[in-house]
Amino acid sequence: MDKIIINGPCKLSGSVTISKAKNAYLPILAGVLLSNKKITLNEVPNLRDINTMLKLLGNLGVGVKRDGKTIELEPALLNSHEATYDLVKTMRASIFTLGPILTRLHKAKVSLPGGCAIGTRPIDLHLSNLEKMGAKITLEGGYVYAETDGPLQGAHLVLAFPSVGATENLMMAASLAEGQTVIENAALEPEIDDLANFLNAMGGKVSGIGTNRLVIDGVKEFKEVEYTAIGDRIEAATYIMAALATKSSVRVDGFNPKHLDFVINLLKNMGANIEVGADFVQVEPSTLSLAKVDTAPFPGFPTDVQAQMMALVTQVEGSSIITEHIFENRFMHVPELIRLGAKIELKGNTAVIEGGLKLIGAPVMCTDLRASAALIIAALTSHGETEISRVYHLDRGYENLDQKFKKLGANIQRVSEES
Ligand code: UD1
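Per an unreviewed UniProt entry, the protein chain goes by UDP-N-acetylglucosamine 1-carboxyvinyltransferase and derives from Halobacteriovorax marinus. Annotation of the protein chain in UniProt includes, under Subcellular location (unreviewed entry), the sentence "Cytoplasm".

Here you go:
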């Protein structure tokens, strides 16, 4: 197990290039299962979650050829309908394979993902809506068994909540279904648009992209495609917050700032000096005022940036308030931030952060992906050495994080830890 050691406080400068979005590539990789033609994906980040998904595709029979960041997939070789527990338990996004396997093979056996650190995360919306499309679903022995007599049938689906994963799973299932499917109250996250664009690039028929009413006309087969996903808005937000927390001048490059409109406007209202370009932002040292943040589905403030925002406001004078509305247990960074000297009070799903205090380096532990990013930001502002253990959580979603921060001038190193 590796750990990261940061000696702070650090000043950052220069530019950082954002990788392509993990949360776009995970559903796209599941979408590969719909086709029987060659698919080439470019600039795929080297991340633990991506590698898990590739392993899962390989186990299902899909040919996977990796040449640096380019991945060639041969889904015609699909020969199994079973996503097993050993892989699914390490990554919830494996559930994205359910819709594609079912619609392509008319049967699927996918392990129930179970809870995770940030909450119970049920999949009821995925299952009940697949049933509306004609799937017979049973749960047994920790697995979802789904089957259909012939193709899935297009249906009119209304999501009780705009779940990102359910929208993606159903959009993929509908793409090979018979007839038209309408998904109302669909999630609006940019990664959904990217999945729809990928499906359309290989001959799918998804319309209503960018709205909460998606219309999908099923097709019989797909064609060869080469595709590159969007830049990772969550990674970009993490570097923006790191720059602001350390009062640094940093250019964050290679993503669409429109995907972070809400976050950037909120930061600007707090006093952040951020210049917005077409595919970059330039952050300048700024004196911020306190914040009141409520997480919400897109286009609101992303839950995936909540922890990093909390690390940032530990550096801002006054009492900031952050309320988490999406996941029930997403404050695991709080006790770790407190170890660094932050003053944070939790009341249910609301955290009150008394900012502007000096943080002092300490040993801390990663608990989940975005909580870990918050610890990196806090450590960059802390005085002295912070040792961050269990960095495998970071490796799930941040490509070359230590190298990217080192290039920005941070005093950061990654060392192998005896296990
Ligand atoms: C995706 C993202 C994750 C992000 C989240 C919210 C990926 C791989 N993951 O996760 O990083 O934090 O969106 O932006 O893209 N829910 C149900 N029943 C369901 C499905 C969801 O009750 O069937 C609830 C969840 O428990 C949660 C909320 O809906 O409280 C949002 O979940 P969802 O949008 O589905 O998130 P994921 O797709 O799991």
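Participant: Just to check I follow, could you spell out the overall build of the protein chain for this structure?
Facilitator: Within the protein chain one finds 14 helices and 24 strands. For 419 residues, the compact-globule estimate of 2.2 N^0.38 gives 22 Å, and the C-alpha radius of gyration of the protein chain, at 21 Å, lies within 12% of that figure. For the protein chain, the C-alpha atoms occupy an extent of roughly 65 × 45 × 40 Å along the three principal directions. Across the 419 residues that make up the protein chain, the buried fraction comes to 57%. Considering only intrachain contacts with a sequence separation of at least 6, the fraction spanning at least 24 residues in the protein chain is 72%. Of the roughly 15,900 Å² that the protein chain leaves accessible, carbon and sulfur atoms contribute 49%. If the 41 positive side-chain charges of the protein chain are averaged to one point and the 47 negative ones to another, these points end up 1 Å apart.

Participant: Quick question: what am I supposed to make of the sheet that holds strand E18 (residues 292–294) here?
Facilitator: Sheet strands pair by backbone hydrogen bonding; their relative direction is either parallel or antiparallel. Read from one edge of the open sheet, 4 strands run E18-E19-E21-E20, paired in mixed fashion. The outermost strands of the open sheet, each flanked by one partner alone, are E18 and strand E20 (343–347). Strand-to-strand twist across the sheet, computed as the mean angle between neighbouring axes with direction ignored, equals 15°. In this sheet, strand E21 (residues 350–355) lies alongside E20 in antiparallel orientation, the contact comprising 5 bridges. Paired with Lys343 across the bridge in E21 is Glu354. Running at roughly 175° to strand E19 (residues 318–323), helix H10 (residues 306–313) makes contact with E18, E19, E20 and E21 of the sheet.

Participant: Help me understand the UniProt feature "binding site: UDP-N-acetyl-alpha-D-glucosamine" (unreviewed entry) in the protein chain, please; the structure alone is not making it clear to me.
Facilitator: Taking the UniProt record as the reference, the feature "binding site: UDP-N-acetyl-alpha-D-glucosamine" (unreviewed entry) is found at Arg92, Arg121, Pro122, Ile123, Asp124, Leu125, Asp304 and Ile326. Not counting residues within four places of it along the chain, the set of residues in contact with Ile123 comprises Arg92, Ile95, Leu112, Pro113 and Val144. Mapped onto the elements of the fold, Asp124 is located in helix H5 (residues 124–132). Look at Asp124 and you get partly exposed, because its relative accessible area is 45%.

Participant: I keep staring at the pattern of salt bridges and nothing clicks. Help me out?
Facilitator: Counted by the stated rule, this structure contains 20 salt bridges. With a shortest N-O distance of 2.8 Å, Asp304 and Arg330 are connected by a salt bridge. Linking Asp304 in the loop between E18 and H10 with Arg330 in the loop between E19 and helix H11 (333–339), this pair joins segments that are 26 residues apart in sequence. Judged by relative accessible area, which is 16%, Asp304 ranks as buried. The exposure class of Arg330 is buried, given its relative accessible area of 7%. For Lys343, the salt bridge identified is with Glu354, shortest N-O distance 3.3 Å. Of this pair, Lys343 sits in strand E20 while Glu354 sits in strand E21, and the two are 11 residues apart along the sequence. By relative accessible area, which is 48% here, Lys343 ends up partly exposed. Residue classification places Glu354 among the partly exposed positions, given a relative accessible area of 34%. Each of Asp2, Asp395, Asp402 and Arg414 takes part in a single network of salt bridges with overlapping partners.

Rules used throughout
- Residues numbered from 1 in each chain as written.
- Predicted model: local features only at pLDDT ≥ 70, side-chain atom pairs only at ≥ 80, totals over all residues.
- Heavy atoms only, no water.
- UniProt positions renumbered as here; feature names shortened; annotations may be inferred.
- Helix = DSSP H or I, 4+ residues; strand = E, 2+ residues; numbered from the N terminus.
- Rg over C-alpha atoms; globule rule 2.2 N^0.38 Å.
- Buried < 20%, exposed > 50% of the residue type's maximum accessible area, 1.4 Å probe, protein only.
- Contact = heavy atoms within 4.5 Å.
- Areas by Shrake-Rupley, 256 points an atom, 1.4 Å probe, with all protein chains shown as cover.
- Lys, Arg positive; Asp, Glu negative; His and termini not counted.
- Charge placed at Lys NZ, Arg CZ, Asp CG, Glu CD.
- Pairing = 2+ DSSP bridges.
- Axes fitted to C-alpha atoms, helices over the stretch in contact; angles between N-to-C directions.
- Salt bridge = Lys/Arg side-chain N within 4 Å of Asp/Glu carboxyl O.

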